[in-house]
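Each chain is listed here by its residues.
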Amino acid sequence: MKKLLSKTRAAADKYGMLGQNEAIAVGVSGGKDSLMLLRLMAALRDFHPSRFSLTALCLDPCFGGVPSDYGGVETLCAKLNVPLVIKRSRLGEIIFEERKEAAPCSLCARMRRGILHNMALEVGCTRLALGHHMDDAAATFWMNLTTGSRLSCFSPVTYLDRKGITLIRPMIFCRESEIAAAAERLCLPVMKSRCPADGCTERAESQALLRQLERKYPDLTGRIITALQQGNVSGWGLPESGARNK
């Protein structure tokens, strides 16, 4: 936990993710990454000089028309003194039953992002923290390179001028293996994904390929992150005095 917290603070400080007295929403799916993000952000809240506040947001896709049980998340939020907002949606029904998308992830991600952005604004938050980590960044870069023929990735900090909200990704210096190990040690209430496409996505294939390549090229993921920073790809270049707060 201390190692992850140190890396999270490093990312937050280097990219200017935490505005002074800002209201920050944390997107919580119930998976290990988002739950660890919640734990880390709560820890930062308690000692970081920015003195920000937190609200946890859960968007339930209601796969199969059945609401998910967020009891464990509710208990964790109460323990961390973080307000929790749960929104039930027809996302699962729209994607898999009405539209019957053959490649559902892209549309689902766009719709999910839009709803989360609106949820954050509804609770008065101007920043939304997302649980992407270093392995996600490397996989995104690899996917964009191999299937999109472009050198790009998601950005550590993204300001959405049409919404007036800033997206931040505080765990971009954390490895997925570290997060998984810490989540198990902390007994976080990880929820099994009910998405019909879970584990069968292009992203999952890219992550598996990168893990395989790392057997021959140790720290390949770390080298990709370094390349993103040195090339200032998609805003990854490390600013001298922190990214500008929007």
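In this numbering scheme, every chain counts its residues from 1 along its sequence in written order. Residues qualify for local features only when their pLDDT is at least 70, as the model is predicted, and side-chain atom pairs are given and counted only at 80 or more; totals for whole chains, interfaces and linings, by contrast, use all residues. Computation of side-chain values: all heavy atoms of the structure, hydrogens and water removed.

## Structural notes on the pattern of salt bridges
Whenever a carboxyl oxygen of Asp or Glu lies within 4 Å of a side-chain nitrogen of Lys or Arg, that contact is scored as a salt bridge. Per the stated rule, a full pass over the model turns up 10 salt bridges. Close ionic contact of Arg 88 with Asp 60 constitutes a salt bridge, the shortest N to O distance being 2.6 Å. In this pair, Arg 88 sits in strand S3 (residues 84-88) while Asp 60 sits in strand S2 (residues 53-60), placing the two residues 28 residues apart along the sequence. The shortest N-O distance in the salt bridge between Glu 214 and Arg 175 comes to 3.3 Å. Of the two residues, Glu 214 is situated in helix H8 (residues 202-214) and Arg 175 in the loop between strand S6 (165-168) and helix H7 (176-185); the sequence distance between them amounts to 39 residues. We call a residue buried when its accessible area falls under 20% of the maximum for its residue type, exposed when it is over 50%, and partly exposed in between, using a 1.4 Å probe and counting protein chains only. Classification of Glu 214 by relative accessible area gives buried; the value is 17%. Residue Arg 175 is classed as buried on the basis of its relative accessible area, which comes to 17%. Numbering of helices and strands runs from the N terminus; a helix is a DSSP stretch of H or I covering at least four residues, while a strand is a stretch of E covering at least two.

## With respect to the pairing of strand S1 (residues 23-27)
For S1, the tally of buried residues reaches 4 of 5 residues, placing the bulk of the element in the interior. Where S1 meets S2, 5 bridges bridge the pair, whose relative direction is parallel. Across the sheet, residue Gly 27 finds its bridge partner in S2, namely Leu 57. For the segment spanning S1, helix H2 (residues 32-47) and S2, crossover handedness is right-handed. Pairing of S1 with strand S4 (residues 127-129), which is carried by 3 bridges, proceeds in the parallel orientation. Across the sheet, the residue bridging to Val 26 is Ala 129, located in S4. Pairing between two strands is assigned when DSSP locates at least 2 bridges connecting them. Crossovers are described as right-handed under a simple rule: with the strands pointing away from the observer, the path leading from the first strand over the helix to the second runs clockwise.

## Thoughts on the nonpolar core
Among buried residues, the Ala, Val, Leu, Ile, Met, Phe, Trp, Tyr and Cys ones that are joined through side-chain atoms within 4.5 Å form a nonpolar core. Core analysis: the biggest nonpolar cluster contains 53 residues, and Leu 18, Met 36, Leu 38, Met 41 and Trp 236 have the highest contact counts within it. Of all the secondary-structure elements, those providing two or more residues to this core are helix H1 (2-14), S1, H2, S2, helix H3 (71-80), helix H6 (134-148), H7 and helix H9 (220-230). If you tally residues by element for this core, the top one is H2, at 9 residues. Membership of the second largest hydrophobic core comes to 15 residues, among which are Ile 95, Cys 108, Leu 116 and Cys 125.

## Considerations on the side chain of Asp 60
Look at Asp 60 and you get buried, because its relative accessible area is 0%. Pairs of N or O atoms within 3.5 Å make up the polar contacts considered here, provided that, within protein, one atom can donate a hydrogen while the other can accept it, and that residues adjacent in sequence are counted only when both atoms are side-chain atoms. One polar contact links the side chain of Asp 60 to the main-chain amide nitrogen of Ser 68, over a distance of 2.7 Å. In this description, contact between two residues means that some pair of their heavy atoms is separated by no more than 4.5 Å. Excluding anything up to four places from it in sequence, Asp 60 contacts Pro 67, Ser 68, Tyr 70, Lys 87, Arg 88 and Ser 89.

## Let's talk about the packing of H6 against H8
Throughout, an axis means a line fitted to C-alpha atoms (over the contacting stretch in the case of helices), and angles, computed between N-to-C directions, take values from 0 to 180 degrees. Their axes nearest at 9 Å, the elements H6 and H8 cross at an angle of 105°. Classified by the angle their axes make, H6 and H8 are roughly perpendicular. Of the residues in H8, those in contact with Asp 135, Asp 136, Ala 138, Ala 139, Thr 140, Trp 142, Met 143 and Thr 147 of H6 are Glu 202, Arg 203, Ser 206, Gln 207, Leu 209, Leu 210 and Leu 213. Think of it as three bins: nonpolar holds Ala, Val, Leu, Ile, Met, Phe, Trp, Tyr, Cys and Pro, charged holds Asp, Glu, Lys and Arg, and polar takes everything else, Gly as well. Each residue belonging to the contact of H6 with H8 can be placed in one class, and the counts come to 7 nonpolar, 4 polar and 4 charged. Any angle that is under 35 degrees is reported as roughly parallel, and any over 145 degrees as roughly antiparallel; angles of 65 to 115 degrees are reported as roughly perpendicular and all others as oblique.

## Comments concerning the confidence of the model for the protein chain
For every residue, the predictor assigns a confidence score, pLDDT, that lies between 0 and 100. With 95% of its residues at a pLDDT of 70 or more, the protein chain shows a mean pLDDT of 89. Scored below 50 in pLDDT, residues 241-246 makes 12 contacts in the model with residues more than four places away or belonging to other chains.

## With respect to the sheet that holds S1
Spatially, the 6 strands line up as an open sheet ordered S3-S2-S1-S4-S6-S5, and their pairing is mixed. At either margin of the open sheet sits one strand with a lone partner, and together these are S3 and strand S5 (157-160). The average angle at which neighbouring strand axes cross in this sheet is 25°, direction not considered. Bridge count for S4 against S6 is 3 bridges, and the pairing is parallel. Bridging from a neighbouring strand, Arg 127 pairs with Thr 166 of S6.

## What about unusual backbone geometry?
Negative phi values dominate among residues other than glycine, just as trans dominates among peptide bonds. With a phi angle near 55°, Ser 149 is a residue other than glycine that sits in the positive phi range. Of note, Ser 149 is situated in the loop between H6 and S5. The class for Ser 149 is exposed, based on a relative accessible area of 68%. Positive phi, normally seen in glycine, also occurs at Asn 232, with a value near 45°. With respect to the helices, strands and loops of the structure, Asn 232 is situated in the segment after H9.

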